[in-house]
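# A look at the structure
Given next are the chains, with one letter for each unit.
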Amino acid sequence: MFIKRLPKFTYHTPSTIDEAIELLVRYNGHAKVLAGGTDLLVAMKKRSVIPSHIVNLKTIPGLSGITVTGEGVTIGSLTTVAEIEKSPLIKENFKPLWDAAKVMASPQIRTLATIGGNLVSAVPSADLAPPLMVMAATAHIKGPSGERVCPVDHLFAGPSTTALKPSEILTHITIPLQNGRGIYLKLMRRAALDLAIVGVAVSLTVKEDNICQDAKIGLGAVAPTPIRAYKAEREIIGNMVTEEVAQKVADTASRECAPITDIRATEDYRRSMVRTLTKRAIMNLWEGNR
Amino acid sequence: MTNLVPLNITVNGIEYRLYIEPNITLVDLLREKLGLTGTKKSCNEGECGACTVLMEGRPVASCMVLAIDADNKKIITIEGLAEGEKLHPLQEAFIKYGGIQCGFCTPGMILSAKALLDENPDPTPYEVRRAISGNLCRCTGYQQIVDSVLKAADMIKGNQV
Ligand SMILES: Cc1cc2nc3c(=O)[nH]c(=O)nc-3n(C[C@H](O)[C@H](O)[C@H](O)COP(=O)(O)OP(=O)(O)OC[C@H]3O[C@@H](n4cnc5c(N)ncnc54)[C@H](O)[C@@H]3O)c2cc1C
Ligand code: FES
Ligand code: FES
């Protein structure tokens with residue numbers, strides 16, 4: 001569509017989460033919450049979503065910011081990708097998330113885009129998802145019947161679908177303190193402003209004797225949702241980390257994922273790049289460890 | 001169904017109090033309601049950077065912002081850079097070092113560059129490239145733009161000494 005004006009809607013500015021939930025319940029499926037708007041406005045311009053009510057979350061205080069707690073870090077759902085990219089705390093302690101923030105979209109999108117919007121949009125290539133999965137992050141959700149938690153691993157139900165009900169709001173993400181080290185590698189067709197052809201997050205905990213105590217691998221853009229590569233993880237946990245093991249893990253990950261061929265890459269290419277990036281990520285973390 | 005909503009917005013230091021439809025974007029407000037056509041609109045979906053303005057000092061794609069979401073915010077557009085006849089160093093450098101050809105990307109480029117220099121007065125060429133990574137230019141091949149931003153950084157530092 002050439003003109004791409006936004007469809008009409010009624011605009012709401014709740015001042016509390018409960019008020020926002022009440023609006024979502026009242027307009028039952030006809031309302032959408034607005035965070036940064038970088039997914040929602042595109043979808044509305046294309047008329048793939050036509051909400052009659054927009055509920056702006058940004059008028060609710062307390063939903064944004066990065067806070068250290070005894071157990072780790074709490075990131076409000078409205079925290080922007082730019083804030084994550086600028087946070088020394090995230091860079092030093094939760095590096096996969098920082099890696100992903102840095103290569104997401106463009107500066108003028110990162111100023112707007114939020115972590116909550118990235119997760120709730122739930123596209124297979126969502127850059128922040130694999131990092132949060134490998135760091136065992138938890139999503140905190142509030143709805144008409146109260147609060148609940150959901151591991152980010154279980155948040156995605158299908159392409160553009162999450163475990164959230166239409167009347168629920170993602171309030172914040174918590175990430176526990178990390179024992180090991182992690183990384184996120186993203187393959188793009190160009191150096192910026194591109195969705196991932198393949199995204200690979202790895203977190204490894206390796207002991208002094210070079211035995212891998214824990215490993216988590218998260219993959220983006222190679223299945224209907226971001227996924228964990230559990231089989232590949234089992235190839236390395238409890239084993240000595242060597243280049244051969246890294247290769248085996250990478251081979252398993254490339255078989256375990258379920259990519260499609262689309263305009264951006266073929267299935268074969270994606271599998272092959274999962275292999276390359278998984279091995280590269282493990283080698284990078286392991287070499288950094290020695 | 002659409003009701004007008006009140007908007008209080010400061011653009012280039014001038015405060016506007018308006019009533020607007022909630023479904024207009026910031027770029028359309030600037031161009032069509034305020035007549036500030038320096039800000040360009042091309043892709044209208046966040047991809048090209050032509051509509052880049054500064055909101056509270058940070059670069060945003062104004063086609064991806066609801067105008068009403070800029071309520072109580074400060075916006076800087078390309079019209080807000082020159083002081084009377086005196087161009088901003090970035091504008092001067094773009095003219096002098098070939099950073100501008102057809103000019104369509106230039107307002108957005110200059111605001112992305114301003115966001116960088118405001119935060120980092122002494123950037124490396126790599127940092128300049130990262131800062132303009134959300135701005136497409138079909139004319140210059142980018143090198144002259146990077147050069148212009150680096151020269152502008154020198155000019156600004158020189159002026160401050
Ligand atoms: C040019 C461009 C480039 C992009 N590049 C990338 C990229 O490289 N990688 C990438 O992963 N993404 C990319 N995106 C997509 C988008 O920027 C991100 O997914 C972003 O994080 C979305 O966040 P938002 O705050 O803008 O979400 P919004 O658009 O505000 O919301 C997205 C959806 O989530 C819902 N929602 C938002 N917050 C909540 C909440 N707290 N609780 C419940 N529901 C909520 C909204 O109702 C909406 O349905 C790009 C987008 C554009 C326009
Ligand atoms: S017109 Fe806004 S980014 Fe292209
Ligand atoms: S000068 Fe023509 S698009 Fe950049």
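Residues numbered from 1 in each chain as written. Chains lettered and ligands numbered in written order. Predicted model: local features only at pLDDT ≥ 70, side-chain atom pairs only at ≥ 80, totals over all residues. Heavy atoms only, no water.

### Digging into the domain arrangement of chain B
Residues and elements named next belong to chain B. Here chain B is partitioned into domain 1 (5-80) and domain 2 (89-156). Distance between the C-alpha centres of domain 1 and domain 2: 21 Å. Residue-level contacts link 17 residues of domain 1 with 14 residues of domain 2. The contact between domain 1 and domain 2 buries some 1,200 Å² in all, and 65% of this surface belongs to carbon and sulfur atoms. Linking domain 1 with domain 2 are one salt bridge. A salt bridge links Glu119 to Arg58; the shortest N-O distance between them is 3.5 Å. At the surface where domain 1 touches domain 2, the tally comes to four residue pairs in polar contact (both at pLDDT 80 or more). (Domains from an automatic or database assignment. Contact = heavy atoms within 4.5 Å. Buried area = accessible area lost by both parts, 1.4 Å probe. Salt bridge = Lys/Arg side-chain N within 4 Å of Asp/Glu carboxyl O. Polar contact = N/O pair within 3.5 Å; in protein donor to acceptor, adjacent residues only side chain to side chain.)

### Concerning the site of ligand 1
Near ligand 1, the surroundings consist of 34 residues, among which Val33, Gly36, Thr38, Asp39 and Thr114 of chain A are the closest. Taken together, the residues near ligand 1 originate from chains A and B. Measuring from a nitrogen atom of ligand 1, one finds a side-chain N or O atom of Ser77 of chain A at 3.5 Å. Between ligand 1 and Ala105 of chain A there is a distance of 2.9 Å, counted from an oxygen atom to a backbone nitrogen or oxygen. Protein chains bury 94% of the 980 Å² of accessible surface belonging to ligand 1 in isolation. The set of elements that each furnish at least two residues to the shell around ligand 1 consists of strand E2 (31-34), helix H7 (115-121) and strand E10 (169-176) of chain A. Top contributing element to the shell around ligand 1 by residue count: H7 of chain A, with four residues. Grouping the constituent residues of the shell around ligand 1 by class yields 16 nonpolar, ten polar and eight charged. (Near = heavy atom within 4 Å. Areas by Shrake-Rupley, 256 points an atom, 1.4 Å probe, with all protein chains shown as cover. Helix = DSSP H or I, 4+ residues; strand = E, 2+ residues; numbered from the N terminus. Nonpolar A, V, L, I, M, F, W, Y, C, P; charged D, E, K, R; others polar.)

### Side note on the interface of chain A and chain B
Facing 34 residues of chain A, the contacting portion of chain B comprises 33 residues. Our count for the chain A to chain B interface comes out at six salt bridges. Seen at the junction of chain A and chain B, the total is 18 residue pairs in polar contact (both at pLDDT 80 or more). Of all elements in the fold, only strand E1 (10-12), helix H2 (40-45), helix H3 (81-86) and helix H6 (107-110) of chain A reach the threshold of two or more residues within the side of chain A that touches chain B. Split into classes, the residues belonging to the side of chain A that touches chain B amount to 14 nonpolar, nine polar and eleven charged.

### Section: helix H10 (residues 243-256) of chain A
Here H10 of chain A contains 14 residues, and its C-alpha end-to-end distance of 20 Å stays within 8% of the 20 Å for a straight helix at 1.5 Å per residue. Those residues of H10 of chain A that fall on the buried side of the exposure criterion are Val245, Ala246, Val249, Ala250, Thr252, Ala253 and Ser254 of chain A. (Expected span 1.5 Å × (residues − 1). Buried < 20%, exposed > 50% of the residue type's maximum accessible area, 1.4 Å probe, protein only.)

### Comments concerning the environment of Leu54 of chain B
Residue and element names in this part refer to chain B. Structurally, Leu54 is set in strand E3 (residues 52-55). Sequence spacing of Leu54 and Pro125 is 71 residues, and the spatial spacing of their C-alpha atoms is 22 Å. Leave out the neighbours within four places in its chain, and Leu54 touches Pro59, Lys74, Ile75, Ile76, Leu111, Lys114, Ala115 and Asp118.

### Digging into the sheet that holds strand E3 (residues 53-56) of chain A
Residues and elements named next belong to chain A. A sheet is described by the order of its strands in space; here three strands give the open sequence E1-E3-E2, paired in parallel fashion. The open sheet has two edge strands, E1 and E2, and neither has a second partner. Each adjacent strand pair in this sheet contributes to an overall mean axis angle of 25°, direction not counted. Relative to E3, E2 runs parallel, the two being bridged by four bridges. Looking at the pairing, Leu34 lines up with Asn56 of E3. Helix-sheet contacts for helix H1 (residues 17-26) involve E1, E2 and E3, and the interaxial angle to E3 is about 170°. (Pairing = 2+ DSSP bridges. Axes fitted to C-alpha atoms, helices over the stretch in contact; angles between N-to-C directions.)

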